[in-house]
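Listed here are the chains, written in short residue letters.
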Amino acid sequence: MTTYDIALIGFGGVNRTLAELIATRNEALRSGLGFGLRVVAITDLRLGSLVQPDGIDLSMALGLGGGSETFAEHGGSADTNNESVIRSCTADIICEATFTNPDDGEPAVSHVRWALESGKSVCTTNKGPVALRGAELNSLAAQNGVYFEYEGAVMSGTPVIRLAKKMFSGLRLNGFEGILNGTSNYVLGRMEAGLDFEAAVSEAQELGYAEANPAADIEGYDVQLKVLILANELLDAGIELKDVRRQGISTVTAEDVRTASRNGRRWKLVGSARRNPDGTVTAGVAPVAVPLDHGLAGVSGATNAVSFDTDLLGPVTVSGPGAGRVETAYALLSDIIAIHSAKTGAAAHA
Ligand SMILES: NC(=O)C1=CN([C@@H]2O[C@H](COP(=O)(O)OP(=O)(O)OC[C@H]3O[C@@H](n4cnc5c(N)ncnc54)[C@H](O)[C@@H]3O)[C@@H](O)[C@H]2O)C=CC1
Ligand SMILES: N[C@@H](CC=O)C(=O)O
C-alpha cells in the first residue's frame, strides 16, 4: 500500500483541517482510495517548524496554537525555516496554505518553486501563485516530472477547474460569470437580513470564510485573482491581473440593499470573463443588483456558483461551497487523489 508523505506549509484553518482529516480518516482513505497519508513536516509563522520523517504526532500539533508554545518545545524550531524544510524534508507532496498575497503571490510563489525544483508535487489553495505565476509554475512542475494542483484556489472544494478542463474539452467556452467569493456573498445576505456591515464581516471571519485581511474579499481582490485563474486556465486568455477590472462591495450601502430588495433585486459580487469576436478576453469583477429570477440571485451564504457559456450545451452552471475550512481542506485531498490517480494511471486526473 502506498503512503504519501506530506508537508503542511501554513498551519491555519485549512491545513489544520486537512491534518484532522488525515488523523481521523486515514484508514478509510487506505481502504477506499488505496493510499495512506503521513505528515512529516509542518511550518507556520506562529508555531515555527517541525520535521519528523517517521511522522508527526498530529494530536500534539493540533493541540498547539492557543498559546505561546511553538514547535521548539517539541523537537522542532521556533522559526519557519521554509526553504530548508521544503527543499530537504522527505515529503512527496507539499500542501501550501499560507496567506494569499494578491500583489505578487509571495512568499507562496517561492514555497511552490522550492518544492517543484526539489522534485516534490504541490497542492495549494493559495490563489497568489496560481493566478500570478501559474504558467511558470506549471512548466516547472512538468520539467521536474511532478504535479502542481490547485483545485481549491477557486470555489474551495467544489470541483470547477478540473471538471471544466476535463468535461468541456470537446466544446468551445465563450465565457463565464459567477459568484466566486463566499465572504462577500455571505455579508451581502446578512445585510439583507438587517445586520450591519462590520458585524456581518466578523461572522464571516468566525466561520473561516474570510481572508486574513478581509479587505481582499470585500474590495474584490480575491475574485479578481479567481477570474484571472479561470480566464487563463479555461479560456486560454493570456491576461494579467491588471486586465481584470475590479470593484468590490464596500460601495454597496445598507440603503442600496434595502432599495434593491423593494425593487425585486439582490446585490451580488459578480466575476466574469467573455471572449470577444477578435479573440481577446474582457474580464472583471463588480457588484450587480440582479433581478430575483436571475440564476445567481438564489445563491446564498458562502455558496458560490459559476455559469459557463458553452457553444454546444449553452449555459452550464456549477454550484457549491465557495469557502470554509472543511470544504477547502477537501480541495487539498482531491488534489492528492488527482496526483495519486495520475501516478497510478487511474482515471480521476484531468
Ligand atoms: N478558508 C477558506 O475558506 C479558503 C481559503 N483559501 C486560501 O487558503 C489559504 C489558507 O487559508 P486559511 O487556512 O483559511 O488561512 P489562515 O489565515 O487560517 O491560515 C494561514 C496560516 O498560514 C500561516 N502562514 C502565513 N505565512 C506563512 C509563512 N510564510 N510560512 C509559514 N506559515 C505561514 C499563518 O500563520 C496561518 O496560520 C489562503 O491562501 C486562502 O486564501 C482558499 C479557498 C477557501
Ligand atoms: N476568502 C475566500 C475564501 C476562498 O477563496 C472567500 O470568502 O471566498
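Look up: the structure comes first, before these words.
The shown structure was predicted, so the numbers you read here are calculated from the model rather than taken from an experiment. (Residues numbered from 1 in each chain as written. Chains lettered and ligands numbered in written order. Predicted model: local features only at pLDDT ≥ 70, side-chain atom pairs only at ≥ 80, totals over all residues. Heavy atoms only, no water.)

Caption draft 1: Unusual backbone geometry, seen in detail. Of note, the bond from Glu 106 into Pro 107 is cis; its omega dihedral lies within 30 degrees of zero at 0 degrees. Here Pro 107 shows up in the loop between strand 4 (93-96) and helix 4 (108-117). In the Ramachandran plot, Asn 81 falls in the positive-phi region, its phi being about 50 degrees despite a non-glycine side chain. Positive phi outside glycine occurs at Ser 156, with the angle close to 40 degrees. Following the sequence through the fold, Ser 156 ends up in the loop between strand 6 (148-149) and helix 6 (161-167). (Helix = DSSP H or I, 4+ residues; strand = E, 2+ residues; numbered from the N terminus.)

Caption draft 2: Local environment of the sheet that holds strand 9 (residues 265-275). Strand order in this open sheet of six strands is 8-10-9-7-11-12, and the pairing throughout is mixed. If you trace the sheet from one side to the other, it starts and ends with strand 8 (244-246) and strand 12 (314-321), each paired once. The average undirected angle you get between the axes of adjacent strands in this sheet is 20 degrees. Examined bridge by bridge, strand 9 and strand 10 (residues 281-291) share 11 bridges and lie antiparallel to one another. Across the sheet, residue Val 270 finds its bridge partner in strand 10, namely Ala 286. (Pairing = 2+ DSSP bridges. Axes fitted to C-alpha atoms, helices over the stretch in contact; angles between N-to-C directions.)

Caption draft 3: Expanded view of the site of ligand 2. Contacts to ligand 2 come from Lys 127, Asn 181, Gly 182, Thr 183, Tyr 209, Ala 210, Glu 211, Asp 217, Asp 222, Lys 226, Gly 322 and Ala 323. In this structure, Asp 217 approaches ligand 2 through a side-chain N or O atom, which is 2.6 Å from a nitrogen atom. When ligand 2 is considered free in solution it has 260 Å² of accessible area, and contact with the protein chains removes 93% of it. Mapped onto the shell around ligand 2, the elements with two or more residues apiece are helix 7 (182-192) and helix 10 (221-234). Considered class by class, the residues forming the shell around ligand 2 number three nonpolar, four polar and five charged. (Near = heavy atom within 4 Å. Polar contact = N/O pair within 3.5 Å; in protein donor to acceptor, adjacent residues only side chain to side chain. Areas by Shrake-Rupley, 256 points an atom, 1.4 Å probe, with all protein chains shown as cover. Nonpolar A, V, L, I, M, F, W, Y, C, P; charged D, E, K, R; others polar.)

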